[in-house]
Amino acid sequence: MFSRPANAEDIKIPDSLPAEVVAAFEAAKTTKLYSLEPTGEMLPQHERLHNERVLGETTLTWEQTATAFRLIKKGVAEGHDRLAFCFAPRHALRVTTREHHYDLVICFECVRVDVYRDQERLSSVGLTASPEYFNSLLKAGRVPLSDSSYEMEEKERNFFAEGKARWLAGMPESIRPVWAAWQAEGEKRDLKKLQVLLAKQFPKAENRILALFTWYAQDDDWASDLHYASAPELMLEEYGDADFVTVGQRDDFTTAQLEGAARFLVGWPTSRLAVLPAKLKQKLLVHVTNQKDARKSAWARHAFGAR
(Lines give C-alpha, C1' and ligand atoms only; values in the text may rest on other atoms or scores of the structure.)
Protein backbone atom coordinates (compact mmCIF):
# COMPACT_ATOMS: atom_id res chain seq x y z
CA MET A 1 0.00 0.00 0.00
CA PHE A 2 2.75 2.45 0.88
CA SER A 3 5.23 1.59 -1.86
CA ARG A 4 6.34 4.48 -4.06
CA PRO A 5 4.80 4.34 -7.58
CA ALA A 6 6.48 5.48 -10.73
CA ASN A 7 4.61 8.79 -10.70
CA ALA A 8 4.88 9.40 -6.97
CA GLU A 9 6.93 12.55 -7.59
CA ASP A 10 3.82 14.09 -9.18
CA ILE A 11 1.84 13.76 -5.95
CA LYS A 12 2.20 16.57 -3.45
CA ILE A 13 1.92 15.49 0.16
CA PRO A 14 1.00 18.51 2.29
CA ASP A 15 0.06 18.35 5.93
CA SER A 16 -3.28 20.14 5.56
CA LEU A 17 -6.04 20.97 3.12
CA PRO A 18 -5.55 24.04 0.88
CA ALA A 19 -6.70 27.25 2.53
CA GLU A 20 -9.14 28.12 -0.25
CA VAL A 21 -10.78 24.70 0.09
CA VAL A 22 -11.14 25.06 3.84
CA ALA A 23 -12.65 28.50 3.41
CA ALA A 24 -15.13 27.25 0.81
CA PHE A 25 -16.35 24.34 2.93
CA GLU A 26 -16.55 26.35 6.15
CA ALA A 27 -18.68 28.98 4.40
CA ALA A 28 -20.92 26.44 2.69
CA LYS A 29 -24.64 26.32 3.42
CA THR A 30 -25.00 22.97 1.64
CA THR A 31 -22.76 20.41 -0.01
CA LYS A 32 -23.22 17.28 -2.07
CA LEU A 33 -22.06 13.90 -0.87
CA TYR A 34 -21.38 11.32 -3.58
CA SER A 35 -21.21 7.55 -3.42
CA LEU A 36 -18.54 6.25 -5.79
CA GLU A 37 -17.75 2.84 -7.24
CA PRO A 38 -14.01 2.46 -7.93
CA THR A 39 -14.25 -1.07 -9.29
CA GLY A 40 -16.43 -2.85 -11.79
CA GLU A 41 -17.62 -2.06 -15.28
CA MET A 42 -17.70 1.56 -16.45
CA LEU A 43 -20.16 2.21 -19.27
CA PRO A 44 -20.71 5.41 -21.31
CA GLN A 45 -24.05 6.07 -19.61
CA HIS A 46 -22.55 6.03 -16.12
CA GLU A 47 -22.08 9.40 -14.46
CA ARG A 48 -18.49 10.09 -13.50
CA LEU A 49 -16.72 12.28 -10.99
CA HIS A 50 -13.00 12.61 -11.60
CA ASN A 51 -13.02 9.34 -13.54
CA GLU A 52 -14.85 7.44 -10.81
CA ARG A 53 -18.32 6.01 -11.36
CA VAL A 54 -21.05 7.81 -9.42
CA LEU A 55 -23.60 5.54 -7.75
CA GLY A 56 -25.67 8.45 -6.47
CA GLU A 57 -25.58 11.65 -4.47
CA THR A 58 -27.39 13.41 -1.64
CA THR A 59 -27.49 17.04 -0.56
CA LEU A 60 -26.28 17.76 2.96
CA THR A 61 -27.61 20.45 5.26
CA TRP A 62 -25.38 23.04 6.86
CA GLU A 63 -25.22 20.98 10.06
CA GLN A 64 -24.37 17.78 8.18
CA THR A 65 -21.78 19.62 6.10
CA ALA A 66 -20.17 21.07 9.22
CA THR A 67 -19.97 17.67 10.88
CA ALA A 68 -18.65 15.92 7.76
CA PHE A 69 -15.99 18.56 7.14
CA ARG A 70 -14.98 18.61 10.79
CA LEU A 71 -14.37 14.83 10.59
CA ILE A 72 -12.30 15.26 7.45
CA LYS A 73 -10.17 18.04 8.92
CA LYS A 74 -9.61 16.00 12.07
CA GLY A 75 -8.69 12.98 9.93
CA VAL A 76 -6.19 15.03 7.95
CA ALA A 77 -4.66 16.52 11.10
CA GLU A 78 -4.15 13.05 12.55
CA GLY A 79 -3.22 11.15 9.41
CA HIS A 80 -1.65 13.52 6.89
CA ASP A 81 1.65 11.66 7.12
CA ARG A 82 0.02 8.28 6.35
CA LEU A 83 -0.78 8.97 2.72
CA ALA A 84 -0.97 5.79 0.65
CA PHE A 85 -0.44 5.60 -3.10
CA CYS A 86 -3.23 3.14 -3.63
CA PHE A 87 -6.55 4.85 -4.29
CA ALA A 88 -10.05 3.36 -4.54
CA PRO A 89 -12.36 6.21 -3.49
CA ARG A 90 -15.92 5.44 -2.48
CA HIS A 91 -16.94 8.90 -1.27
CA ALA A 92 -16.67 12.50 -2.47
CA LEU A 93 -17.80 15.77 -0.94
CA ARG A 94 -18.45 18.81 -3.16
CA VAL A 95 -18.99 22.45 -2.35
CA THR A 96 -19.93 24.93 -5.06
CA THR A 97 -19.02 28.62 -4.88
CA ARG A 98 -19.68 31.34 -7.43
CA GLU A 99 -16.35 30.62 -9.07
CA HIS A 100 -15.57 26.96 -8.56
CA HIS A 101 -16.49 23.44 -7.54
CA TYR A 102 -14.25 22.10 -4.78
CA ASP A 103 -14.21 18.31 -4.44
CA LEU A 104 -12.77 16.08 -1.76
CA VAL A 105 -12.49 12.61 -3.29
CA ILE A 106 -11.97 10.24 -0.37
CA CYS A 107 -10.63 6.72 0.02
CA PHE A 108 -10.98 5.86 3.69
CA GLU A 109 -9.41 2.47 3.05
CA CYS A 110 -6.25 3.95 1.53
CA VAL A 111 -6.19 6.84 4.06
CA ARG A 112 -6.13 9.44 1.31
CA VAL A 113 -8.17 12.36 0.00
CA ASP A 114 -7.58 13.97 -3.39
CA VAL A 115 -8.48 17.67 -3.48
CA TYR A 116 -9.86 19.25 -6.65
CA ARG A 117 -10.72 22.73 -7.83
CA ASP A 118 -13.00 22.09 -10.79
CA GLN A 119 -11.05 19.49 -12.82
CA GLU A 120 -7.63 20.42 -11.42
CA ARG A 121 -6.21 18.31 -8.68
CA LEU A 122 -4.68 20.63 -6.13
CA SER A 123 -3.17 18.04 -3.82
CA SER A 124 -3.43 14.65 -2.19
CA VAL A 125 -3.56 14.48 1.57
CA GLY A 126 -3.45 11.61 4.03
CA LEU A 127 -6.28 11.20 6.53
CA THR A 128 -7.28 8.76 9.23
CA ALA A 129 -11.05 8.60 9.55
CA SER A 130 -14.04 6.28 9.42
CA PRO A 131 -16.63 6.22 6.62
CA GLU A 132 -19.39 5.43 9.13
CA TYR A 133 -20.91 8.93 9.32
CA PHE A 134 -20.70 9.44 5.56
CA ASN A 135 -22.33 6.07 4.92
CA SER A 136 -25.14 6.95 7.32
CA LEU A 137 -25.83 10.14 5.33
CA LEU A 138 -25.87 8.22 2.05
CA LYS A 139 -28.19 5.58 3.48
CA ALA A 140 -30.50 8.28 4.83
CA GLY A 141 -30.61 9.73 1.32
CA ARG A 142 -31.32 6.27 -0.10
CA VAL A 143 -28.08 6.33 -2.08
CA PRO A 144 -26.47 2.93 -2.76
CA LEU A 145 -23.08 2.24 -1.22
CA SER A 146 -20.06 0.62 -2.72
CA ASP A 147 -18.66 -2.24 -0.71
CA SER A 148 -15.24 -1.41 0.67
CA SER A 149 -12.77 -4.25 0.49
CA TYR A 150 -13.08 -4.65 4.26
CA GLU A 151 -16.86 -4.97 3.96
CA MET A 152 -16.46 -7.36 1.04
CA GLU A 153 -14.08 -9.50 3.07
CA GLU A 154 -16.55 -9.50 5.95
CA LYS A 155 -19.38 -10.48 3.63
CA GLU A 156 -17.22 -13.23 2.18
CA ARG A 157 -16.41 -14.53 5.66
CA ASN A 158 -20.09 -14.43 6.58
CA PHE A 159 -21.02 -16.15 3.32
CA PHE A 160 -18.69 -19.08 3.97
CA ALA A 161 -19.66 -19.23 7.66
CA GLU A 162 -23.34 -19.36 6.74
CA GLY A 163 -22.62 -21.98 4.08
CA LYS A 164 -20.72 -24.11 6.57
CA ALA A 165 -23.52 -23.82 9.11
CA ARG A 166 -26.09 -24.76 6.47
CA TRP A 167 -23.95 -27.70 5.37
CA LEU A 168 -23.65 -29.01 8.92
CA ALA A 169 -27.36 -28.53 9.58
CA GLY A 170 -28.27 -30.57 6.49
CA MET A 171 -25.82 -33.34 7.33
CA PRO A 172 -27.32 -36.64 8.55
CA GLU A 173 -27.29 -36.72 12.36
CA SER A 174 -25.31 -39.96 12.41
CA ILE A 175 -22.42 -38.36 10.51
CA ARG A 176 -22.32 -35.00 12.26
CA PRO A 177 -20.43 -36.11 15.42
CA VAL A 178 -17.52 -37.58 13.41
CA TRP A 179 -17.41 -35.09 10.56
CA ALA A 180 -14.60 -32.86 11.84
CA ALA A 181 -12.38 -35.82 12.72
CA TRP A 182 -13.14 -37.52 9.41
CA GLN A 183 -12.23 -34.36 7.51
CA ALA A 184 -8.97 -34.07 9.42
CA GLU A 185 -7.86 -37.48 8.15
CA GLY A 186 -7.12 -35.91 4.77
CA GLU A 187 -6.12 -38.43 2.12
CA LYS A 188 -6.74 -41.28 4.59
CA ARG A 189 -10.45 -40.50 4.76
CA ASP A 190 -12.58 -43.59 4.28
CA LEU A 191 -16.15 -43.14 3.02
CA LYS A 192 -17.06 -46.54 4.42
CA LYS A 193 -16.97 -45.05 7.92
CA LEU A 194 -19.66 -42.60 6.93
CA GLN A 195 -21.67 -45.20 5.03
CA VAL A 196 -21.74 -47.49 8.08
CA LEU A 197 -22.98 -44.70 10.34
CA LEU A 198 -25.60 -43.67 7.80
CA ALA A 199 -26.85 -47.26 7.45
CA LYS A 200 -27.35 -47.45 11.20
CA GLN A 201 -29.50 -44.34 11.09
CA PHE A 202 -31.34 -45.34 7.90
CA PRO A 203 -31.48 -49.13 7.36
CA LYS A 204 -33.33 -48.77 4.04
CA ALA A 205 -31.24 -47.71 1.04
CA GLU A 206 -33.88 -45.34 -0.31
CA ASN A 207 -33.94 -43.39 2.96
CA ARG A 208 -30.16 -43.13 2.93
CA ILE A 209 -30.30 -41.75 -0.61
CA LEU A 210 -32.91 -39.17 0.41
CA ALA A 211 -30.77 -38.12 3.36
CA LEU A 212 -27.76 -37.70 1.07
CA PHE A 213 -29.87 -35.69 -1.39
CA THR A 214 -30.82 -33.35 1.45
CA TRP A 215 -27.20 -33.00 2.49
CA TYR A 216 -25.95 -32.44 -1.06
CA ALA A 217 -28.54 -29.67 -1.54
CA GLN A 218 -27.02 -27.48 1.16
CA ASP A 219 -24.32 -26.20 -1.19
CA ASP A 220 -26.67 -24.93 -3.90
CA ASP A 221 -23.91 -23.87 -6.30
CA TRP A 222 -23.89 -26.84 -8.65
CA ALA A 223 -20.50 -25.80 -10.04
CA SER A 224 -18.99 -25.52 -6.56
CA ASP A 225 -15.63 -27.20 -6.09
CA LEU A 226 -15.70 -27.07 -2.28
CA HIS A 227 -13.91 -30.21 -1.21
CA TYR A 228 -16.37 -31.17 1.50
CA ALA A 229 -19.27 -31.25 -1.00
CA SER A 230 -17.70 -34.33 -2.54
CA ALA A 231 -18.62 -36.57 0.42
CA PRO A 232 -22.36 -36.97 -0.27
CA GLU A 233 -21.70 -37.09 -4.01
CA LEU A 234 -19.25 -39.94 -3.65
CA MET A 235 -21.53 -41.74 -1.22
CA LEU A 236 -24.44 -41.46 -3.67
CA GLU A 237 -22.30 -42.90 -6.44
CA GLU A 238 -22.07 -46.18 -4.54
CA TYR A 239 -25.76 -46.89 -5.07
CA GLY A 240 -27.03 -48.67 -8.17
CA ASP A 241 -29.58 -47.61 -10.75
CA ALA A 242 -32.24 -49.81 -9.17
CA ASP A 243 -31.92 -47.89 -5.89
CA PHE A 244 -32.54 -44.58 -7.65
CA VAL A 245 -35.48 -46.05 -9.57
CA THR A 246 -37.03 -47.07 -6.26
CA VAL A 247 -36.50 -43.61 -4.80
CA GLY A 248 -37.88 -42.03 -7.96
CA GLN A 249 -41.26 -43.68 -7.40
CA ARG A 250 -41.90 -41.66 -4.26
CA ASP A 251 -44.32 -38.76 -4.16
CA ASP A 252 -43.15 -37.14 -0.93
CA PHE A 253 -39.91 -35.39 -1.93
CA THR A 254 -38.99 -32.33 0.11
CA THR A 255 -37.63 -29.22 -1.61
CA ALA A 256 -34.14 -30.02 -0.34
CA GLN A 257 -34.37 -33.59 -1.60
CA LEU A 258 -35.42 -32.38 -5.04
CA GLU A 259 -32.55 -29.90 -5.11
CA GLY A 260 -29.98 -32.51 -4.10
CA ALA A 261 -31.39 -35.06 -6.52
CA ALA A 262 -31.33 -32.58 -9.39
CA ARG A 263 -27.78 -31.55 -8.61
CA PHE A 264 -26.59 -35.14 -8.49
CA LEU A 265 -28.59 -36.66 -11.34
CA VAL A 266 -28.03 -33.83 -13.81
CA GLY A 267 -24.50 -35.16 -14.25
CA TRP A 268 -25.60 -38.63 -15.28
CA PRO A 269 -25.05 -39.77 -18.89
CA THR A 270 -28.12 -39.97 -21.13
CA SER A 271 -28.09 -43.77 -21.12
CA ARG A 272 -28.30 -43.85 -17.34
CA LEU A 273 -30.90 -41.09 -17.10
CA ALA A 274 -33.15 -43.22 -19.32
CA VAL A 275 -33.80 -45.66 -16.45
CA LEU A 276 -35.21 -42.99 -14.13
CA PRO A 277 -38.99 -42.75 -13.74
CA ALA A 278 -40.51 -40.11 -15.99
CA LYS A 279 -42.39 -38.54 -13.11
CA LEU A 280 -39.14 -38.02 -11.17
CA LYS A 281 -37.50 -36.29 -14.13
CA GLN A 282 -40.55 -34.08 -14.54
CA LYS A 283 -40.48 -33.13 -10.85
CA LEU A 284 -36.80 -32.28 -11.07
CA LEU A 285 -37.30 -30.23 -14.22
CA VAL A 286 -40.13 -28.23 -12.67
CA HIS A 287 -38.18 -27.72 -9.44
CA VAL A 288 -35.09 -26.38 -11.21
CA THR A 289 -36.77 -24.20 -13.85
CA ASN A 290 -38.92 -22.54 -11.19
CA GLN A 291 -35.74 -21.16 -9.63
CA LYS A 292 -35.18 -18.89 -12.66
CA ASP A 293 -31.48 -19.78 -12.71
CA ALA A 294 -30.53 -19.82 -16.39
CA ARG A 295 -27.50 -22.08 -16.01
CA LYS A 296 -29.24 -24.64 -13.81
CA SER A 297 -32.31 -24.59 -16.06
CA ALA A 298 -30.21 -25.29 -19.13
CA TRP A 299 -28.55 -28.25 -17.45
CA ALA A 300 -31.91 -29.55 -16.21
CA ARG A 301 -33.57 -29.28 -19.62
CA HIS A 302 -30.68 -31.13 -21.20
CA ALA A 303 -30.81 -33.90 -18.58
CA PHE A 304 -34.49 -34.23 -17.81
CA GLY A 305 -36.15 -33.14 -21.07
CA ALA A 306 -37.68 -29.88 -22.31
CA ARG A 307 -40.53 -28.63 -20.20
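Everything numeric in this text was worked out from a predicted model, so none of it was measured.

Digging into the side chain of His 50
Counting through the fold element by element, His 50 comes out in the loop between strand 2 (48–49) and strand 3 (52–60). Judged by relative accessible area, His 50 falls into the buried class, the value being 12%. Here Asp 103 takes part through its side chain, which lies 2.7 Å from a polar atom of the side chain of His 50. When residues no more than four places from it in sequence are discounted, the contact partners of His 50 are Asp 103, Val 105, Tyr 116, Asp 118 and Gln 119.

Details of the state of the cysteines
Scanning the model with the defined rule gives one disulfide in all. Here Cys 86 engages in a disulfide with Cys 110; their sulfurs sit 2.3 Å apart. The S-S bond linking Cys 86 to Cys 110 shows a torsion near -125°; that makes this disulfide left-handed. One end of the pair, Cys 86, is in the loop between helix 2 (62–79) and strand 4 (91–96); the other, Cys 110, is in the loop between strand 5 (101–107) and strand 6 (112–117), and 24 residues separate them in sequence. Note on Cys 110: relative accessible area 4%, which makes it buried.

Regarding the nonpolar core
The nonpolar side chains of a soluble globular protein tend to be buried with one another. Counting residues in hydrophobic clusters, the biggest one holds 40 residues, and the most contacted among them are Trp 179, Phe 213, Trp 215, Phe 244, Leu 265 and Phe 304. Counting residues per element, the ones that place at least two in this core are helix 5 (179–184), helix 6 (191–201), helix 7 (205–216), helix 8 (230–236), helix 9 (241–248), helix 10 (255–265), helix 12 (278–289) and helix 13 (294–304). The element contributing the most residues to this core is helix 7, with seven residues. The residues contacting Leu 265, other than those within four sequence positions of it, are Phe 244, Leu 273, Leu 276, Leu 280, Leu 284 and Phe 304. Among the nonpolar cores identified, the runner-up in size contains 27 residues, and Val 21, Ala 24, Leu 33 and Leu 60 belong to it.

Quick notes on the confidence of the model for the chain
Averaged over every residue, the pLDDT of the chain is 87; residues scoring 70 or more account for 90%. A low-confidence stretch, residues 1–12 (pLDDT under 50), is modelled with 21 contacts involving residues beyond four sequence positions or located in other chains.

A short note on the side chain of Ser 124
Here Ser 124 is to be found in strand 7 (residues 120–126). A polar contact is formed between the side chain of Ser 124 and the side chain of Asp 114, at a distance of 2.6 Å.

A word on the environment of Ala 262
Summarising the element assignment, Ala 262 is placed in helix 10. The class of Ala 262 is buried, set by a relative accessible area of 0%. For the pair Ala 262 and Phe 213, spaced 49 residues apart in sequence, the C-alpha to C-alpha distance is 8.7 Å. Setting aside residues no more than four positions away along its own chain, Ala 262 makes contact with Trp 222, Leu 284, Val 288 and Phe 304.

Things to note about the pairing of strand 3
The side chains of a regular strand alternate, first on one face of the sheet and then on the other. Bridge count for strand 1 (residues 31–37) against strand 3 is seven bridges, and the pairing is antiparallel. Considered in strand 3, the bridge of Thr 31 is made with Leu 60. Sheet analysis places strand 2 next to strand 3, joined by two bridges and oriented antiparallel. Pairing of Leu 49 across the sheet is with Glu 52, part of strand 3. Hairpin remark: strand 2 followed by strand 3, antiparallel, with two residues in the connecting loop; positive phi at His 50, about 50°.

As for the pattern of salt bridges
Evaluated as defined, the whole model comprises 17 salt bridges. With a shortest N-O distance of 2.7 Å, Glu 20 and Arg 117 are connected by a salt bridge. Taken together, the residues span a long stretch of sequence, with Glu 20 in helix 1 (residues 19–26) and Arg 117 in strand 6 at a distance of 97 residues. Measuring nitrogen to oxygen at the nearest pair gives 3.4 Å for the salt bridge that ties Lys 283 to Asp 251. Note that Lys 283 is positioned in helix 12 and Asp 251 in the loop between helix 9 and helix 10, a separation of 32 residues in sequence. The partly exposed category is assigned to Lys 283, whose relative accessible area is 25%.

Parameters at a glance
Residues numbered from 1 in each chain as written. Predicted model: local features only at pLDDT ≥ 70, side-chain atom pairs only at ≥ 80, totals over all residues. Heavy atoms only, no water. Helix = DSSP H or I, 4+ residues; strand = E, 2+ residues; numbered from the N terminus. Buried < 20%, exposed > 50% of the residue type's maximum accessible area, 1.4 Å probe, protein only. Polar contact = N/O pair within 3.5 Å; in protein donor to acceptor, adjacent residues only side chain to side chain. Contact = heavy atoms within 4.5 Å. Disulfide = S-S within 2.5 Å. Core = buried A, V, L, I, M, F, W, Y, C linked by side-chain atoms within 4.5 Å. pLDDT = per-residue confidence, 0-100. Pairing = 2+ DSSP bridges. Salt bridge = Lys/Arg side-chain N within 4 Å of Asp/Glu carboxyl O.

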